[in-house]
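The chain contents come next:
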Amino acid sequence: MPSLLSTAISQPPRNQHLLLLQSTSAQSCLPILRAIASKASERAHETTLLFNLLYPPSALLDASRAASDNVIVVDRTSCVPGYDEDASSKDDAAASLRSVILGPALAVPAGPVSIIIDSVDTLLSDMGSISETTRLLSELLAIARARGGTSRLILHVLAPSPLLPILTQTRFSPTLTHILAHPTALLTHLAAAYLTPPPPLAPPEKFWGVFIPVSNRHYEAEKLVFGSAGEGSGLPEFAVEVLVRGGGSAGDGVSGRRRGVERVLEGWSASMGGLCELRKLESLRPLWSKKMPVETQSAPDPTQNLSFNLNLTPEQQRSRAQVPLPYAHEGKPTEQAHAPAAILYDPDSADDLDDDDPDEDLDI
């Protein structure tokens, strides 16, 4: 069965119409976005609509691919609202940008379509409104759903972003493929500080319980990458967290996957051509070569290094084993029959025993 990341790049499921790629200042997800755009442009039966708001088209597609008949590129990198337009107000600029994006999306030829926006944060900055940006993205997602098949809306966002909580809600899209890039320094830090290496070196439940809250605190990764001991951003390899919500449907090649939420951690290395196993990343090899501490270690012997002997000889151990324990048969009924109750009195020499009745003269 192909991995979740390779499926998201090369074989998009038919019911997964929203693909969200999340970068941070510590680690960019742009190499994966480039691979997704390249694979989409190779599918001749599918139209690729690329909106460049932040990065030039050459950063995502080769010149030969960008010139293909099934690729439409809308380059807005040189358009800055308020500087290059004659719009009389900010609302006019937002309406103009809305028509620039919705127009090509509605005019795409029949068939599956991949709508790619290279920077949702730039779109939000140009629109100037979270609600208007969300409404525009929702309309683009509706266009992808209406086309059916492998049509997708592919969004690239830089976390933390005010749009992230909205885009990941089931109200926006019941199904979701969420790809998050993490620096390998974060995994090394968790293995050293929390004794929690990535699976299979640690149980998945334990790892995700530690990894998710730490990775959501973006300043943690920034401190590891840009701190005094960090190597800086832009490393050729990184870890990729893939979350798929909604499962697969029949005919999409992943129908064996269970519906619900799946979360895995994979690797990405430029020297290995992209997708690879996490254990093959050069910066994480020490985690697999290092012998992790075993949790089931024997307790220390308190009788060691003493000036006197606390151990028993074999003869003493046999004698000790023969001592009857007073509580061994507690609560068990005895097999012998009980004798009738009686009071036994044994007088001693000082007792004054007289068989005469001392009150016989009272005539009672």
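We now turn to the structure provided with this report. All chains use their own residue numbering, which begins from 1 and follows the written sequence. With pLDDT at 70 or above as the cut-off, local features in this predicted model cover only qualifying residues; side-chain atom pairs require 80 or more to be listed or tallied, and sums for whole chains, interfaces and linings still use all residues. Working from all heavy atoms in the structure, the side-chain values ignore hydrogens and water.

Now for helix α2 (residues 30-42). In this model, α2 (13 residues) spans 19 Å end to end at C-alpha, consistent with the 18 Å of a helix rising 1.5 Å per residue. Three exposure classes are used, based on accessible area relative to the maximum for each residue type with a 1.4 Å probe and protein chains only: buried under 20%, partly exposed in between, and exposed over 50%. By the criteria applied, helices consist of DSSP H or I runs no shorter than four residues and strands consist of E runs no shorter than two, each listed in order from the N terminus. Looking only at α2, the buried set comprises Leu30, Ile32, Leu33, Ala35, Ile36, Ala37, Ala40 and Ser41. Each helix should span, by expectation, one fewer than its residue count multiplied by 1.5 Å.

What follows covers the packing of aromatic side chains. Centres within 6.5 Å make a pair out of two Phe, Tyr or Trp rings, where for Trp the six-membered ring is used; the pair is then stacked when the planes are under 30 degrees apart, edge-to-face when over 60, and tilted otherwise. Within the structure shown, the criterion is met by four aromatic pairs. For the pair tryptophan 208 and phenylalanine 211, a centre-to-centre distance of 5.6 Å together with 80° between the ring planes defines the contact as edge-to-face. Of this pair, tryptophan 208 and phenylalanine 211 are both found in helix α9 (residues 204-216), three residues apart, which corresponds to roughly one turn of the helix. The buried category is assigned to phenylalanine 211, whose relative accessible area is 0%. Seen from their ring centres, phenylalanine 238 and tryptophan 268 are 6.5 Å apart, and the 25° between their planes marks the pair as stacked. Of this pair, phenylalanine 238 sits in strand β7 (residues 237-245) while tryptophan 268 sits in strand β8 (residues 261-269), and the two are 30 residues apart along the sequence. Judged by its relative accessible area of 1%, phenylalanine 238 is buried. Grouping aromatic residues by their ring pairs yields a cluster made of Phe207, Trp208 and Phe211. In our convention, an over-ring charge means Lys NZ or Arg CZ found within 6 Å of a ring centre and within 35 degrees of that ring's normal. When the ring centre of tryptophan 208 is taken as reference, the NZ or CZ atom of arginine 263 above it lies at 5.6 Å.

This part covers the nonpolar core. Ile115, Ile117, Leu123, Leu137, Leu140 and Leu155 are the most contacted members of the largest nonpolar core, which totals 33 residues. Counting residues per element, the ones that place at least two in this core are β1 (18-23), β2 (47-52), α4 (90-106), β4 (113-117), α5 (120-127), α6 (130-147), β5 (152-158) and α7 (164-167). Each residue touching isoleucine 117, except ones within four places of it in the same chain, is listed here: Phe51, Leu53, Leu123, Leu137, Leu140, Ile154, Leu155 and His156. The criterion is simple. A nonpolar core is a set of buried Ala, Val, Leu, Ile, Met, Phe, Trp, Tyr and Cys residues joined through side-chain atoms within 4.5 Å. Membership of the second largest hydrophobic core comes to 26 residues, among which are Ile9, Leu21, Leu60 and Ala181. Contact criterion: two residues are considered in contact whenever any of their non-hydrogen atoms come within 4.5 Å of each other.

Here we come to the environment of phenylalanine 226. In this fold, phenylalanine 226 is placed in helix α10 (residues 218-226). For phenylalanine 226, a relative accessible area of 45% corresponds to the partly exposed category. Sequence spacing of phenylalanine 226 and alanine 26 is 200 residues, and the spatial spacing of their C-alpha atoms is 7.7 Å.

With that settled, consider the environment of histidine 178. Its location among the elements puts histidine 178 in strand β6 (residues 176-182). Using a relative accessible area of 9% as the deciding quantity, one classes histidine 178 as buried. In this structure, the C-alpha to C-alpha distance between histidine 178 and threonine 168, residues 10 residues apart in sequence, is 8.2 Å. Once residues within four sequence positions are removed from consideration, histidine 178 is found in contact with Leu20, Gln22, Leu164, Thr168, Glu241, Val242 and Leu243.

Within α5, six of the eight residues are buried, leaving the element largely enclosed by the surrounding structure. Taken as a whole, α5 has its buried residues at Val120, Thr122, Leu123, Leu124, Asp126 and Met127.

What follows covers the pairing of β6. For β6, the tally of buried residues reaches seven of seven residues, placing the bulk of the element in the interior. Side chains of β6 alternate between two faces, with Leu176, His178, Leu180 and His182 and Thr177, Ile179 and Ala181 buried alike. Paired strands are those between which DSSP finds at least two bridges. Pairing between β1 and β6: four bridges, direction parallel. Opposite glutamine 22, over in β6, you have leucine 180 as the bridge partner. Where β6 and β7 come together, seven bridges link them in antiparallel fashion. Paired with threonine 177 across the strands is valine 244, a residue of β7.

Moving on, we get to the packing of α5 against α6. Put simply, α5 and α6 touch, their axes get as near as 8 Å, and they point 125° apart. Relative to α6, the element α5 lies oblique. Along this stretch, α5 crosses α6, giving a crossing that reads as right-handed. Across the interface between the two elements, Val120, Leu123, Leu124 and Met127 from α5 touch Ile130, Glu132, Thr133, Leu136 and Leu137 from α6. Note on geometry: axes are lines fitted to C-alpha atoms, helical ones only across the stretch in contact, with angles between N-to-C directions running from 0 to 180 degrees. When describing relative orientation, an angle under 35 degrees is termed roughly parallel and one over 145 degrees roughly antiparallel, while 65 to 115 degrees is termed roughly perpendicular and anything else oblique. Left-handed describes a crossing whose near helix is turned anticlockwise from the far helix by less than a right angle; the clockwise case is right-handed.

This brings us to the environment of leucine 284. Examined against the element boundaries, leucine 284 turns out to sit in the loop between β9 (274-276) and α11 (285-289). In sequence terms leucine 284 and proline 198 are 86 residues apart; their C-alpha atoms lie 9.9 Å from each other. Leaving out residues up to four positions away in the same chain, leucine 284 has contacts with Thr184, Leu187, Thr188 and Leu278.

Sheet analysis places β7 next to β8, joined by nine bridges and oriented antiparallel. Within the sheet, the bridge partner assigned to valine 244 lies in β8 and is glutamate 262. As paired strands, β8 and β9 are joined by three bridges and run antiparallel to one another. Opposite glycine 267, over in β9, you have cysteine 276 as the bridge partner. Adjacent in sequence and paired antiparallel, β8 and β9 are bridged by four residues, among which glycine 273 carries a positive phi angle near 85°.

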